[in-house]
Amino acid sequence: MQQLFRRGDRGPAVAEIRAKLERLGRLDPVGGENLTNQTDILFDDVTDYAVRSFQQERGLRVDGVVGPETYRALDEAHWRFGDRLLSYRPGHPFIGDDVTTLQQRLLDMGFDPGRCDGIFGRATEAALQEFQRNVGLRSDGALGPGTLRALEQLRRTVTGGSPSARREEERLRRGHGALAGRIIVLDPGHGGSDGGVAANDLVEAEIVLDLAARIEGRLGALGVTTYLTRSADTCPDDRERAQFANDMAAEIFVSLHLDAMATEHASGAACFYYGASRHGRHVRSAVGERLADLIGREVATRTDLVDGRVHPMTWELLRLTRMPAVRLDAGYLTSPSDAARLATPEFRDALAEAVVAGIQRLYLPEHLDVPTGQFRMPALSN
Ligand SMILES: [Zn+2]
């Protein structure tokens, strides 16, 4: 577009400009008087205002005139993260807001994509490749569905150096720390439009996400790299959650849920691991069982929840995860006493400490193990 368009102009090009602004949510679709003929659409006051506010936001000259520069910016702005496959194309690079988002995320996680300029250049490709190597994906430097999912699900942002360099550093600094440098995936159940069970003014999805954050904070202090399978507004299915943990090469997977029953008398916490008895043959994950047992006992000791014990299950989530996986059901929301406990941050802290203590004990040689309820987090030096 070499021509300039401004207030008072009419025609197909104006219709196109308006359409772009509509896609960006900056204009309501034309209706009423203005819409006499698609090719005769007016660059009216409202359009002028939308153009000016767009220019201001983008750091362009604010004159309400749509020339080549503003037109290009309008074009780039409508690409949302994940709309298209991105890769390095020498000569005619991908340009757009989705590229800016990608660069920003890489930067947040400690990879260097160069300037966040919305242009997919060599530096962006190199940073994306490094990210892919770090999470165990094929490092083709392209933003395809697998890489996109890994980026989307990495809620936690790691700052200060690349994750691998940071892990090595932590490992050296805390030479004796059995957990430093390990990767753990936490899986708060439900999410997005699926709230899980709701009772006594509490919603399962919210409580377990909060609990996951408390566990994550404590694990982070121990040098563990923790990833969450979901954010507040996403709800991957069980297959996707398991796949994510596998993709992240997690060493431990802990899923967090709460229960509900028609009666308010059911209460307490229970732990599940992968296992089944079929045709007289017993299959189970021995490490999963040990971890479930440790977490279950720590929870029972550190909180006053009824001990619902440890049970083998063949749920897809436990079956498809390739690492020791435990699901903790941390109480019944339908139980007034469990719910009252779960409502307080102090109680959720105690639960988080119980889960972390269970994980810590899994890595302790047997002769160094401590009685249930005794394990203390080391003093936090940073
Ligand atoms: Zn649930």
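Coordinates for the structure precede this section.
Just so we're clear, the structure is a prediction, and the values are computed from it rather than from any experiment.

A. The overall build of the protein chain, seen in detail. When you go through the protein chain residue by residue, the secondary structure sums to 13 helices and 9 strands. Classification of the 382 residues of the protein chain by burial places 47% in the buried group. Long-range contacts, defined as pairs at least 24 residues apart, comprise 67% of the intrachain contacts of the protein chain with a sequence gap of at least 6.

B. Fine view of the coordination of the zinc ion. Taken together, H190 (NE2), E204 (OE) and H257 (ND1) make up the protein donors of the zinc ion, found 2.0 to 2.1 Å from the metal. Look at where the donors of the zinc ion fall in the sequence and you get H-x13-E-x52-H. A residue pair is termed long-range when its members are at least 10 positions apart, and H190 in the loop between β1 (183-188) and β2 (198-199) and E204 in helix α8 (residues 204-221) qualify at 14 residues.

C. Local environment of the pattern of salt bridges. The tally for this structure, following the rule as stated, stands at 27 salt bridges. Notably, a salt bridge pairs D247 with R149, separated by 3.7 Å at the nearest N-O pair. One end of the pair, D247, is in helix α9 (residues 238-247); the other, R149, is in helix α6 (residues 145-153), and 98 residues separate them in sequence. Given a relative accessible area of 31%, R149 falls into the partly exposed group. Taking the shortest distance from any N to any O, the salt bridge between R214 and D210 comes out at 2.6 Å. Taken together, the residues R214 and D210, both in helix α8 and 4 residues apart, mark about one turn of the helix. Each of the salt bridges in this network shares a partner with another, and the network as a whole consists of D210, R214, R218, R348, D349 and E353.

D. Focus on the pairing of strand β9 (residues 325-332). Within β9, 8 of the 8 residues are buried, leaving the element largely enclosed by the surrounding structure. Pairing analysis gives 6 bridges linking strand β5 (residues 252-259) to β9, with the strands arranged parallel. If you follow L256 over to β9, its bridge partner there is L328.

E. Spotlight on the packing of aromatic side chains. Inspection of the entire model under this criterion finds 1 aromatic pair. Its guanidinium or amino end placed over the ring of W79, R84 lies 3.9 Å from that ring's centre, counting from NZ or CZ. Above the face of the W315 ring, R327 is positioned so that its terminal group lies 4.6 Å from the ring centre.

Basis of the calculations
- Residues numbered from 1 in each chain as written.
- Predicted model: local features only at pLDDT ≥ 70, side-chain atom pairs only at ≥ 80, totals over all residues.
- Heavy atoms only, no water.
- Helix = DSSP H or I, 4+ residues; strand = E, 2+ residues; numbered from the N terminus.
- Buried < 20%, exposed > 50% of the residue type's maximum accessible area, 1.4 Å probe, protein only.
- Contact = heavy atoms within 4.5 Å.
- Donors = N, O, S within 2.8 Å, 3.2 Å for Na, K, Ca; no water.
- Salt bridge = Lys/Arg side-chain N within 4 Å of Asp/Glu carboxyl O.
- Pairing = 2+ DSSP bridges.
- Phe/Tyr/Trp six-rings, centres within 6.5 Å; stacked < 30°, edge-to-face > 60°.
- Lys NZ or Arg CZ within 6 Å of the ring centre and 35° of its normal.

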